[in-house]
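A structural walkthrough
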Amino acid sequence: MSIKKIIPCLDIKDGKTVKGVNFINFSQAGDPIEMGVNYSRNGADELVCLDITATHEGRKTFVDLVRRMAAQIDIPLTVGGGISELADVELILEAGADKVSINSAALRRPQLIDEIAAKLGSRVCIVAIDANEEDGEWVCYLNGGRIPTDKRLFQWAEEVESRGAGEILFTSITHDGVKQGYPNEALAELVDRLHIPVIASGGAGKKEDFYDVFTKGKVDAALAASVFHFGEINIRELKQELFERGINVRI
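Definitions and cut-offs
Residues numbered from 1 in each chain as written. Predicted model: local features only at pLDDT ≥ 70, side-chain atom pairs only at ≥ 80, totals over all residues. Heavy atoms only, no water. Helix = DSSP H or I, 4+ residues; strand = E, 2+ residues; numbered from the N terminus. Rg over C-alpha atoms; globule rule 2.2 N^0.38 Å. Buried < 20%, exposed > 50% of the residue type's maximum accessible area, 1.4 Å probe, protein only. Contact = heavy atoms within 4.5 Å. Areas by Shrake-Rupley, 256 points an atom, 1.4 Å probe, with all protein chains shown as cover. Lys, Arg positive; Asp, Glu negative; His and termini not counted. Charge placed at Lys NZ, Arg CZ, Asp CG, Glu CD. Axes fitted to C-alpha atoms, helices over the stretch in contact; angles between N-to-C directions. Parallel < 35°, antiparallel > 145°, perpendicular 65-115°, else oblique. Left-handed = near helix turned anticlockwise from the far one by under 90°. Nonpolar A, V, L, I, M, F, W, Y, C, P; charged D, E, K, R; others polar. pLDDT = per-residue confidence, 0-100. Phe/Tyr/Trp six-rings, centres within 6.5 Å; stacked < 30°, edge-to-face > 60°.

Some remarks on the overall build of the protein
Check the secondary structure of the protein and you find 10 helices and 12 strands. A compact globule built from 251 residues would reach a C-alpha radius of gyration of about 18 Å, and the protein, at 16 Å, matches this within 12%. Seen through its principal axes, the protein has C-alpha atoms that stretch 45 × 40 × 35 Å. Here the protein holds 251 residues, and 57% of them are scored as buried. The contacts of the protein with a sequence gap of at least 6 include a subset with a gap of at least 24, amounting to 66%. Surface summary for the protein: the accessible area is close to 10700 Å², and the carbon and sulfur share equals 46%. In the protein, 29 positive and 39 negative side-chain charges are present, and the distance between their average locations comes to 3 Å.

Here it is, written out as structure tokens:
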């Protein structure tokens, strides 16, 4: 049985960690380096660090911050935001990241997934999908949830897998920051359709939500932000409780 992962996510804006609701209304959460080190020492399995305005602002991601972060943590680091070509991926990996997360760039030019997988391996390529449930369909969005596309969640995820992505990170815009639980029905369908790991994002509010996303949503990893950032849930305590309830987590 595979080990289920708990992954905190640092959304970075103007050099600070922020957290929003439904991808808007951001509030500051702290210094990303300090937070990353704290998570590394206190039970997180991996860390995701996203430059959430890089694509929208038309700039590259924060390589200097990645370099400083990678030097101080000892868990796998995934970096996303502002990645538009293979050279960007290589730069981020050289700075110390273990994986990259691409979203808008993949939607605009899906061949980027093929290029990363062919040159660097599927292992390093996470494709993030931001989707909003609208009239019974999950619509994929560009630029941090700002621009809708003609892509739909399940079909796009299957294409992403076929092109060589190593993992899918699905964030429900509908559930983001609302703390009412993950979209477990959609996640379970996604897991059933794919052969690569699925990371759930958007909706964690209490420990029960993590248990539900692993049992009902059937995902490989659960990502969360504000409940960890603001001390509402302690990762070590969460993992101990999940372990006691039969979820295979690393204690």
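On we go.
Some points on the environment of Lys-16
Summarising the element assignment, Lys-16 is placed in strand S2 (residues 16–21). Considered as a pair, Lys-16 and Ser-40 are 24 residues apart in the sequence and their alpha carbons are 18 Å apart.

Let's talk about the packing of helix H1 (residues 32–41) against helix H2 (residues 63–72)
Running from N to C, H1 and H2 point in directions that differ by 25°, and their axes come no closer than 9 Å. Here H1 is positioned roughly parallel relative to H2, judged by the angle of their axes. Seen from above, H1 lies across H2 with right-handed handedness. Residue-level contacts link Pro-32, Ile-33, Gly-36 and Val-37 of H1 to Leu-65, Arg-68, Met-69 and Gln-72 of H2. Tallied by class, residues from the contact of H1 with H2 come to five nonpolar, two polar and one charged.

Focus: the confidence of the model for the protein
Here the protein averages 90 in pLDDT, while 91% of its residues score no lower than 70. This stretch, residues 21–27, has a pLDDT under 50; its non-local contacts, to residues over four places away or in other chains, come to 23 contacts.

Digging into the packing of aromatic side chains
The geometry of an aromatic ring pair is captured by the separation of the ring centres together with the interplanar angle, meaning the angle of the planes. Applying the stated criterion to the full structure yields four aromatic pairs. Their ring planes at 85° and their centres at 5.3 Å tell us that Trp-138 and Phe-170 sit as a pair that is edge-to-face. Pair noted here: Trp-138 is in strand S8 (residues 137–142) and Phe-170 is in strand S10 (residues 167–172), with a separation of 32 residues, a long-range link. Per residue, the accessibility class of Trp-138 equals that of Phe-170, and both read buried. Taking 5.7 Å as the distance between ring centres and 25° as the angle between the ring planes, the aromatic pair formed by Phe-210 and Phe-228 counts as stacked. With Phe-210 in helix H8 (residues 207–215) and Phe-228 in helix H9 (residues 226–229), this residue pair connects regions lying 18 residues apart in the sequence. As far as the burial class goes, Phe-210 and Phe-228 line up, both buried. What links up through ring pairs into an aromatic cluster is the set Tyr-39, Tyr-182, Phe-210 and Phe-228.

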